[in-house]
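Residue strings, one per chain:
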Amino acid sequence: MVRAAVGVVAVVGLGAGAVHGARSAASLAGARSVAAANLDDRYYDCLTTQARSLVPPGRRVVISTANLANWGTLGKAVAGWAVVTRHRRRAVAVLSLAADHGPGACLGSVVVARYADGAVRRGHGASVPGPGPPPAEPL
Amino acid sequence: MSTPLAATAATAALAAAGLLPTLAVVGARPVAVLMAPLAGAVVAAAAGACSLGFGGGLVAWFCGLAAVAAAGAAAAVGPPGRRRRRRSSATPGDGGGRPSVVRAAGLLVVVGAAAVGLVALRAPSTGFDARTIWLLHGVWFADGHSVALAALRNPALTFAHASYPPLVGASVGLSWLVTGEHSYRLGVVVIAVLNACAVTSAASVAIEAALAGRPAGGRRRLAAAGGVVVAGALVLAAFGVAGPFATNGYADLLWASAAVGAVGYGLVLPLERRHVAAACLLLAVAGLTKDEGIATAMAIVLLVALRLGRGGRCRRVEGVTVGLAGVAVLGAWPVLVRLLGAAPDQATIGRRQGSDLSRAGAAVSAMVPHLHVLLLAAGVAVVGALVLGGPRRRLAIGNDGWAWGALGAGAAAVVAAYAAGGGNVEFWLATSVHRTTFFPALAGWWIVGTWAVVALASAGADAPGAARQRLDAADGGVLHHRA
């Protein structure tokens, strides 16, 4: 009897875990998750396009650490195709994110480059209208 | 090429490289289908390490190492005549008859359960760590030696953990190079497929546990069906534990489920050579995926060695050999990246706060809400040990203490990392503790699943001869030699 009870408790517990897993997966596949993921992708594609309009691939850049969240965001958009460095003198530009809710922005942000000669340029070539940033990702 | 097609091609490439070594390890069983891509990912990791250390392209190293692995596997298995003799000398039911039907049914069930979990891929989510760590590593490995080495040494890339083990980055990079489809989406899908392969491989332990004993007649069918159902439930439970991190490009589920599978094959199932070999393969996956995986895999290796060594002097030598070899192999990557001058890894940001003790306490407090399953596991384990201990021993399934030992070691490693690490521990915990508890949580589920299988198998009378034969293999007994 007790043996059967152990089996029943274990199987029922596993069943509950399995149902939770199936529901979790179904929820993650829902329309809201799909829309959030698509928006997130468009946001990072937008930032990447803007950054590439400012710096050619393979060149050295500094990502501004003035705003830690922006540093992380820009790092994700840039580190795959540019060489990130801490040394401003070796970099062609310092990249940062600036708030901008006008046209040409990526969910309320634009990529800005400050070059060694003092010139400042805004990124272009892509935009995602709307307020930002996109929904926070789970960590 | 569409992403599903490219992901299929990439998985096929990994599986092709891993198939012969997997068949040599586990034999011609359905679980080989699940483990082959993982073995291929290990080959890709070795290729990534060689490319990083010695130069040359990832694909060239991958093809070369895959050929070497295939030749080694063929040599280990021997010529066709020898294979036939080995198969005919295997224990009854091994690879033929009903056990093979149960294993095939189990394969269908766990793959179906994994497909339910992978439905979440409909949302093209690319997680934070996927962008900052795993896909970046894929870019570096795909770009070759000089780029990967520069990234490893670059102190500005601390957020990318460039010194993490190479399995995921090399597999992703390889998938891009093989298919020509250089998209982050493909990388995320490949990582999710590897996650699913590791989870299903670990779940196959429940099927093997159900087949370990041989209850008579209809009860045997009950045990086998129970093992299959438990395996499917474990797969879904694992996707529940991981939540969004199973399908958004994170690799925590990969190492954690591989480590749990290694616990199952190395510490739970009867001590047979193919089980120990399967455990070694899964430990390689865990140790080549993430730093926590290295620490946990080392602990599991030592426990497997200890279990092996409990059967006389000869077995002690074997246990010591396995332990030393395992630690040496798992420690190779950290040594390599230090030799190559890797920039210091920065786990978190900010100044270190609190004493070791206070940080350990904070870590334990943060981990508890993610480990409720351990209450169920502990309750089932205590009562199960009292009323099902005999049937468990007769089924030749290892003492539950081994699995709890591995669980404790893995959890202790995580707590120690939080206690001894730098930065603001509260921030670090808030951004990682869900994922760093995957291993103990999954181990808890697998402990529950094992007791469920034992309860179902014990519902009938054991065949005395088979049970005695299996008892010899339990906990340090005879290590069976099988193909």
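Cut-offs applied
Residues numbered from 1 in each chain as written. Chains lettered and ligands numbered in written order. Predicted model: local features only at pLDDT ≥ 70, side-chain atom pairs only at ≥ 80, totals over all residues. Heavy atoms only, no water. Core = buried A, V, L, I, M, F, W, Y, C linked by side-chain atoms within 4.5 Å. Buried < 20%, exposed > 50% of the residue type's maximum accessible area, 1.4 Å probe, protein only. Contact = heavy atoms within 4.5 Å. Axes fitted to C-alpha atoms, helices over the stretch in contact; angles between N-to-C directions. Helix = DSSP H or I, 4+ residues; strand = E, 2+ residues; numbered from the N terminus. Parallel < 35°, antiparallel > 145°, perpendicular 65-115°, else oblique. Left-handed = near helix turned anticlockwise from the far one by under 90°. Phe/Tyr/Trp six-rings, centres within 6.5 Å; stacked < 30°, edge-to-face > 60°. Buried area = accessible area lost by both parts, 1.4 Å probe. Salt bridge = Lys/Arg side-chain N within 4 Å of Asp/Glu carboxyl O. Polar contact = N/O pair within 3.5 Å; in protein donor to acceptor, adjacent residues only side chain to side chain. Nonpolar A, V, L, I, M, F, W, Y, C, P; charged D, E, K, R; others polar. Pairing = 2+ DSSP bridges. Expected span 1.5 Å × (residues − 1). Arc of directions from axis to C-beta.

1. Regarding the nonpolar core
Right, so step 1: Within the largest apolar cluster, 198 residues are counted, with the highest numbers of intra-cluster contacts made by A:V78, A:L95, B:W140, B:Y265, B:I300 and B:W446.
Right, so step 2: When sequence neighbours within four positions are dropped, the list of residues in contact with B:W446 reads B:V199, B:A202, B:A203, B:L234, B:A238 and B:V260.

2. Here's the deal with the packing of helix α13 (residues 291–308) of chain B against helix α18 (residues 400–420) of chain B
All names here are of chain B.
Right, so step 1: Look at α13 against α18: their axes get within 9 Å of each other, and the N-to-C directions meet at 155°. In terms of axis orientation, α13 runs roughly antiparallel to α18. Relative to α18, α13 is oriented so that their crossing is right-handed. Across the interface between the two elements, A295, T296, A299, I300, L303, L306 and R307 from α13 touch W402, G405, A406, A409, G410 and A413 from α18.

3. Some points on the packing of aromatic side chains
All names here are of chain B.
Right, so step 1: This model, assessed by the stated rule, comprises 9 aromatic pairs over all chains.
Right, so step 2: Ring centres of W176 and Y184 lie 6.3 Å apart, and the angle between their planes is 10°; on these two criteria the pair is classed as stacked.
Right, so step 3: On the basis of an interplanar angle of 55° and a centroid distance of 6.4 Å, the ring pair of F245 and F438 is categorised as tilted. Taken together, the residues span a long stretch of sequence, with F245 in the loop between α10 (217–242) and α11 (252–268) and F438 in helix α21 (residues 438–457) at a distance of 193 residues.

4. Section: the interface of chain B and chain A
Right, so step 1: Every contact between the two is made by 51 residues of chain B and, on the other side, 37 residues of chain A.
Right, so step 2: Taking both partners together, chain B and chain A bury about 3600 Å²; carbon and sulfur atoms supply 72% of that area.
Right, so step 3: It is B:P124, B:F128 and B:R131 in chain B that bury the most area against chain A; as a group they hold 16% of the surface buried on that side.
Right, so step 4: For the interface between chain B and chain A, the tally reads 2 salt bridges.
Right, so step 5: A:D40 serves as the salt-bridge partner of B:R131, at 3.2 Å between the closest nitrogen and oxygen.
Right, so step 6: Our count for the chain B to chain A interface comes out at 6 residue pairs in polar contact (both at pLDDT 80 or more).
Right, so step 7: Residue assignment for the side of chain B that touches chain A shows that the elements contributing at least two residues are α5 (98–118), α6 (128–143), α10, α17 (373–394) and α21 of chain B.
Right, so step 8: Split into classes, the residues belonging to the side of chain B that touches chain A amount to 34 nonpolar, 14 polar and 3 charged.

5. With respect to the sheet that holds strand β2 (residues 83–84) of chain A
All names here are of chain A.
Right, so step 1: In spatial order, the strands read β2-β1-β3-β4-β5; together these 5 strands make up an open sheet with mixed pairing. Of all the strands in the sheet, the pair left with one neighbour each is β2 and β5 (120–122).
Right, so step 2: Bridge count for strand β4 (residues 109–115) against β5 is 3 bridges, and the pairing is antiparallel. Of the residues in β5, the one forming a bridge with V112 is R122.
Right, so step 3: Together, β3 (93–99) and β4 form the strand contacts of helix α2 (residues 31–52), whose direction differs from that of β4 by roughly 25°.
Right, so step 4: The strands that helix α3 (residues 68–78) touches are β1 (60–63), β3 and β4; relative to β3, the one it contacts most, it runs at about 120°.

6. Describing the side chain of B:T450
Right, so step 1: For B:T450, the location among the structural elements is in helix α21.
Right, so step 2: For B:T450, the residues in contact, after removing those within four places along its chain, are B:V268, B:R392 and B:I397.

7. Remarks on unusual backbone geometry
Right, so step 1: If you check the backbone angles, A:L107 has positive phi at about 45° while not being a glycine.
Right, so step 2: The topology assignment puts A:L107 in the loop between β3 and β4.
Right, so step 3: Although it is not a glycine, B:A396 adopts a positive phi angle of roughly 65°.
Right, so step 4: Turning to its location among the elements, B:A396 is positioned in the loop between α17 and α18.
Right, so step 5: On the basis of relative accessibility, which here comes to 0%, the residue B:A396 falls in the buried class.

8. Examining the pattern of salt bridges
Right, so step 1: Applying the stated criterion to the full structure yields 14 salt bridges over all chains.
Right, so step 2: Salt bridges sharing common partners tie together B:R29, B:R103, B:E208, B:E272 and B:R274.

9. Topic: the side chain of A:S64
Residues and elements named next belong to chain A.
Right, so step 1: Of note, S64 is situated in the loop between β1 and α3.
Right, so step 2: In this structure the side chain of S64 is engaged in a polar contact, spanning 3.2 Å, whose partner is the backbone nitrogen of A66.
Right, so step 3: Not counting residues within four places of it along the chain, the set of residues in contact with S64 comprises W71, V94, L95 and S96.

10. Let's talk about helix α3 (residues 58–77) of chain B
All names here are of chain B.
Right, so step 1: Between its first and last C-alpha, α3 extends 28 Å over 20 residues, near the 28 Å set by a 1.5 Å rise per residue.
Right, so step 2: Three or more residues of α3 are buried, namely L58, F62, A66, A73 and V77. Down the axis of α3, the smallest arc covering the buried residues is 60°, so these residues share one side. In this structure, α3 carries A60, V68 and A75 as exposed residues pointing more than 90 degrees from its buried face.

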